[in-house]
Amino acid sequence: MRNRSADLVIVANRLPVDRVTDDDGTPSWRPSPGGLVSALEPVMRANDGAWIGWPGGTETGMRPFTSDGLSLVPESLSAEEIEEHYEGFSNGTLWPLYHDLVAKPEFHREWWDAYVRVNQRFADRAAKIASHGATVWVQDYQMQLVPQMLRDKRPDLRIGFYLHIPFPPAELFQQLPWRREILQGLLGADLVGFQLPGAAQNFIRLVRQRVGHKTHRDLVYLPDGRTVKAAAFPISIDVDGFEELAASESVAERASEIREALGNPDTVFLGIDRLDYTKGIYARLRAFSELVRDKHLAVGEAVFVQVATPSRERVEQYRILRDDIDRLVGRINGDLGEIGKPVISYLHSSYPRHEMAALYRAADVMVVTPFRDGMNLVAKEYVACRLEEDGALVLSEFAGAADELRQAWLVNPYDINGMKAALRQAHDAEPKEIQRRMRAMRRTVRERDVNHWADGFLSELAATRPDHGKKVRP
Ligand code: G6P
């Protein structure tokens with residue numbers, strides 16, 4: 001990557017691919033968690049784009065490279081930075097704080113110092129490779145200081161920031177000892193994007209109260225005459241890609257194999273989540289197991305497949321959660337299962353898109369019950385894969401997706417009895433009712449796919465200061 005050559009720069013904590021070492025010691029790359037790359041790939045290609053991110057692991061000195069025609073710029077993290085910036089401040093402080101204190105955030109000054117250092121390094125790298133007047137799009141909670149750090153060095157740039165997770169109300173955000181610094185970091189952007197309008201409002205209100213800038217509706221007026229806009233751009237998925245996969249013969253075959261392997265039950269319930277305490281996996285499995293215990297559902301006739309993708313495994317709260325879920329699944333299957341007929345089929349593993357699509361096709365009831373979630377793309381992926389307009393979605397009110405997928409069976413994940421009732425309703429619903437709901441949800445998901453999201457954000461960003469910087473080609 002030559003200096004000052006990229007017209008579009010993505011700055012994210014992770015590269016779209018992770019460096020992994022195979023069993024025989026050979027290094028290779030595999031897609032990293034999160035589906036951002038499919039959204040950004042076309043705009044990156046059209047604009048000499050470059051993507052700056054951590055390649056996973058602790059390898060240092062990696063040079064920029066191209067993968068599938070995309071310019072990737074690895075920014076390494078030391079073991080200490082992984083501990084303090086990634087596991088510490090990002091996932092031990094910000095993640096639980098922004099997700100409604102589902103777990104208790106920890107505040108440590110060394111973690112903050114590492115977060116500042118890493119953000120500065122990513123900003124410096126972006127400053128080096130962005131062309132004059134380029135657009136830089138900074139992603140997510142691990143990088144909130146980058147916009148202002150970058151603006152200090154490169155006032156010629158057009159800078160956007162997008163938060164993939166919820167932005168909390170003032171009452172929670174205020175606990176953060178570095179609340180002002182974070183707000184000021186974000187205000188370096190021309191456009192700050194959120195999943196939902198409520199999050200944008202939380203941000204504007206906090207800026208007014210804590211930084212003292214003048215605001216009006218979705219705009220912040222800075223003393224130097226610049227304005228910053230805050231707005232919602234609900235993220236989505238590569239709908240065409242998922243539909244194509246779901247329609248393929250090999251996925252259809254794999255879906256029947258899965259049902260066969262489960263003993264051809266009448267109803268397959270499915271949960272797919274990163275193994276994260278925000279996802280409400282424990283409560284959901286309890287609700288399901290009580291329906292079996294109370295004979296509303298029969299062992300063998302109904303089965304729950306829970307896929308939990310390993311995540312952030314060195315963070316204490318995630319270890320505790322894994323043990324809790326292991327124990328719960330063992331207890332439920334031990335108490336209620338029969339030979340060859342488990343109540344819950346539990347998989348602690350991550351799967352490629354093909355297998356995910358087959359699972360979505362195989363499932364009659366998809367259960368998505370986070371306590372708090374920025375969007376939840378699994379819910380949208382399920383809808384995209386239900387080409388025949390069948391399949392029921394049980395969805396938490398506290399997932400961003402609930403704003404759009406109004407026809408799901410909406411539940412409060414803290415209310416176990418309410419969840420049991422919704423699971424039963426989804427299980428018992430008439431095919432016509434299921435179709436009516438799924439058809440409406442499919443329409444919504446198809447109308448607003450991930451390209452709609454990326455184009456929406458980038459054109460709004462281009463419009464915020466039309467006289468400033470180059471235009472990004474859609
Ligand atoms: C969420 C976050 C992403 C993150 C992903 C995977 O979707 O919004 O920023 O990359 O989880 O988590 P990880 O910690 O493995 O990057």
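The model shown is predicted, which means the values in this text are computed figures rather than measured ones.

How should I be thinking about helix α15 (residues 431-447) in this particular structure?
The periodicity of an α-helix, 3.6 residues per turn, causes residues three or four places apart in sequence to face the same way. Over its 17 residues, α15 extends 24 Å from the first C-alpha to the last, a length consistent with the 24 Å expected when each residue adds 1.5 Å. Those residues of α15 that are buried are in contact with α8 (239-247), α13 (377-385) and β17 (392-396).

Explanation requested: helix α10 (residues 281-293) in the structure shown.
For α10, spanning 13 residues, the distance from its first C-alpha to its last is 18 Å, which sits close to the expected 18 Å at 1.5 Å a residue. Taken as a whole, α10 has its buried residues at I281, R284, L285, A287, F288, S289, L291 and V292. Looking one or two places after α10, you find K295, whose phi comes out positive at around 65 degrees.

Would you take a moment to explain the packing of α8 against α13 for this structure?
To characterise two packed helices, one gives the angle between the axes of the helices and the distance between these axes. At a minimum axis separation of 8 Å, α8 and α13 run at an interaxial angle of 50 degrees. Classified by the angle their axes make, α8 and α13 are oblique. Crossing handedness for the pair α8 and α13: right-handed. Across the interface between the two elements, V239, F242, E243 and A246 from α8 touch E381, A384 and C385 from α13. Its residues assigned to classes, the contact of α8 with α13 shows five nonpolar, no polar and two charged.

So what exactly am I meant to see when it comes to unusual backbone geometry here?
Phi is mostly negative for residues that are not glycine, and the peptide bonds are mostly trans. Positioned with a positive phi, L101 is a non-glycine residue whose angle comes to about 55 degrees. Among the structural elements, L101 can be located in the loop between α2 (79-98) and α3 (109-129). Despite not being glycine, N264 shows a phi value in the positive range, around 45 degrees. With respect to the helices and strands, N264 occurs in the loop between α9 (249-261) and β13 (267-274).

Help me understand the environment of R439, please; the structure alone is not making it clear to me.
Along the polypeptide, R439 turns up in helix α15. Its 13 C-beta neighbours within 10 Å are what place R439 among the partly exposed residues. Separated by 51 residues in sequence, R439 and E388 have C-alpha atoms that sit 9.0 Å apart.

Just checking my understanding: could you explain the sheet that holds strand β1 (residues 6-14) for this structure?
Sheet strands pair by backbone hydrogen bonding; their relative direction is either parallel or antiparallel. Read across the open sheet, the 10 strands follow the order β5-β6-β4-β1-β7-β8-β9-β12-β11-β10; overall the sheet is mixed. Because the sheet does not close on itself, it has two edges, and the strands there are β5 (65-67) and β10 (214-216). For this sheet the average axis-to-axis angle between neighbouring strands, irrespective of direction, equals 25 degrees. Two strands pair when backbone bridges link them, and strand β4 (residues 49-54) and strand β6 (residues 70-74) are joined in this way by four bridges, in the parallel orientation. Across the sheet, residue I52 finds its bridge partner in β6, namely V73.

Calculation criteria
Residues numbered from 1 in each chain as written. Predicted model: local features only at pLDDT ≥ 70, side-chain atom pairs only at ≥ 80, totals over all residues. Helix = DSSP H or I, 4+ residues; strand = E, 2+ residues; numbered from the N terminus. Expected span 1.5 Å × (residues − 1). Contact = placed C-beta atoms within 7 Å. Buried ≥ 20, exposed ≤ 12 C-beta atoms within 10 Å, placed from the backbone. Axes fitted to C-alpha atoms, helices over the stretch in contact; angles between N-to-C directions. Parallel < 35°, antiparallel > 145°, perpendicular 65-115°, else oblique. Left-handed = near helix turned anticlockwise from the far one by under 90°. Nonpolar A, V, L, I, M, F, W, Y, C, P; charged D, E, K, R; others polar. Pairing = 2+ DSSP bridges.

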